[in-house]
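Understanding the architecture of this molecule
Residues per chain are reported as follows:
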Amino acid sequence: MALSRKTLGQSLAEDLMSDIRFGHLQVGDRLPTESQLMDNYGVGRGVVREAMQSLAMLGLVESRPRSGAVVTAPKARTVVNTVMLGSVLATPLFDDLYEFRGVMEVAIAHRAAETATQAQIEEITAACERYSQCHRLGLPTSQVDLDFHEAIARGANNQIYEELIVSTRAMLEAARSRTQLLPDATELAEEQHWAITQAIAIGDMEQAASVMAEHIKSAKWALEQARLSMSDDGA
């Protein structure tokens, strides 16, 4: 049951996800221990933990005292979540995600520049500042990055926009866990975050949309770089 070296963590997560989807593992069942998974799949402890982290982010498993990792009922909020649970780590789905972002988040930024209240602008600015702080301190930026984008969605004052962005959070967490390791990508994202924030703050709808479009293109580039890096590591 050896896995491809190119995507060890992804392959293990997808295999366990399939067991859950097709009923081989039921809600409440305990997953094999770390040691058992290492032996069964011929992988290291780091690979197992990466896979388990991905499943936990999706709400498919949780760790319980004295029980280990247990299968839980996924908290799917929208159709997007349902699709995501099926093959969240598959490359084509990530491509679809960034295509979605290139359309939806550009429109959201445009709308936020028109409708955001002063309190919402302050929330967006605060999220931007937290990203910058994490970047300066060398801390992970994935969570604060997602907080920033969700703050903009709230600034658009459209509940559907916000629900759509929130529904993709688990997928984006998986992608950002990779791209945040690229220093150039993180620095560029910080610059673009501030440009988007400024455009929204002054109510420049066209500028907010334009910078967001560039930001999503940069994020897609970072994803491609992360894929290349993963491929090289597995070669």
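For the structure itself, consult the block above.
Described below are features of the structure shown in this document. The numbers attached to residues start from 1 for each chain and follow its sequence in the written order. Only residues with pLDDT of at least 70 are given local features in this predicted model, and only at 80 or more are side-chain atom pairs given and counted; all residues enter the totals for whole chains, interfaces and linings. Side-chain metrics rest on all non-hydrogen atoms present in the structure, leaving aside hydrogens and water.

Not every positive phi belongs to a glycine, and Asn-157 is a case in point at roughly 55°. Going along the chain from the N terminus, every DSSP run of H or I of four or more residues is numbered as a helix, and every run of E of two or more is numbered as a strand. Among the secondary structure elements, Asn-157 is positioned in the loop between helix H7 (142–155) and helix H8 (159–167).

Pairing between two strands is assigned when DSSP locates at least 2 bridges connecting them. Sheet topology places strand E1 (residues 61–64) next to strand E2 (residues 68–71); 4 bridges connect them, and they run antiparallel. What sits directly across from Arg-64, in E2, is Gly-68. Between the end of E1 and the start of E2, which pair antiparallel, lie 3 residues, with Arg-66 showing a positive phi angle near 65°.

Once that is clear, we can look at the pattern of salt bridges. Opposite charge on two side chains allows them to pair when their charged atoms are near. One side-chain nitrogen of Lys or Arg within 4 Å of one carboxyl oxygen of Asp or Glu is enough to make a salt bridge. Overall, the coordinates contain 11 salt bridges when judged by the stated rule. One connected set of salt bridges, linked through shared partners, spans Glu-34, Arg-45 and Arg-49.

The subject of this paragraph is H7. A helix is expected to span 1.5 Å multiplied by its residue count minus one. With 14 residues, H7 should reach 20 Å at 1.5 Å per residue; the first-to-last C-alpha distance of 20 Å fits that figure. With 11 of 14 residues buried, H7 is to be regarded as a mostly interior element. To sort residues, take the accessible area from a 1.4 Å probe on protein chains only and compare it with the maximum for the residue type: under 20% means buried, over 50% means exposed, and anything in between is partly exposed. All of the buried residues along H7 are Ser-142, Val-144, Asp-145, Leu-146, Phe-148, His-149, Glu-150, Ala-151, Ile-152, Ala-153 and Gly-155.

Moving on, we come to empty space enclosed by the protein. Of the grid points, spaced at 1 Å and generated over the protein atoms alone, those admitting a 1.4 Å probe that cannot get out make up cavities, while open sets with protein on both sides within 12 Å along at least five of seven lines make up pockets; any residue with an atom within 4 Å of a point is treated as lining. Grid points are joined across faces, edges and corners, and a volume is the space filled by probe spheres set on the points. On inspection of all chains with the given rule, the structure shows 3 cavities of 30 Å³ or more. Taken as a whole, the largest cavity spans an internal volume of roughly 170 Å³. Amino acids outside the nonpolar list (Ala, Val, Leu, Ile, Met, Phe, Trp, Tyr, Cys, Pro) and the charged list (Asp, Glu, Lys, Arg) are all regarded as polar, and Gly is one of them. A per-class count over the lining of the largest cavity returns 8 nonpolar, 7 polar and 3 charged. Counted as a void, the second largest cavity has a volume near 40 Å³. Around the second largest cavity, the lining residues are Glu-105, Leu-146, His-149, Glu-150, Ile-165, Arg-169 and Leu-172. In terms of residues, the lining of the second largest cavity owes the most to one element, H7, which gives 3 residues. Of the residues contributing to the lining of the second largest cavity, the split by class is 3 nonpolar, 1 polar and 3 charged.

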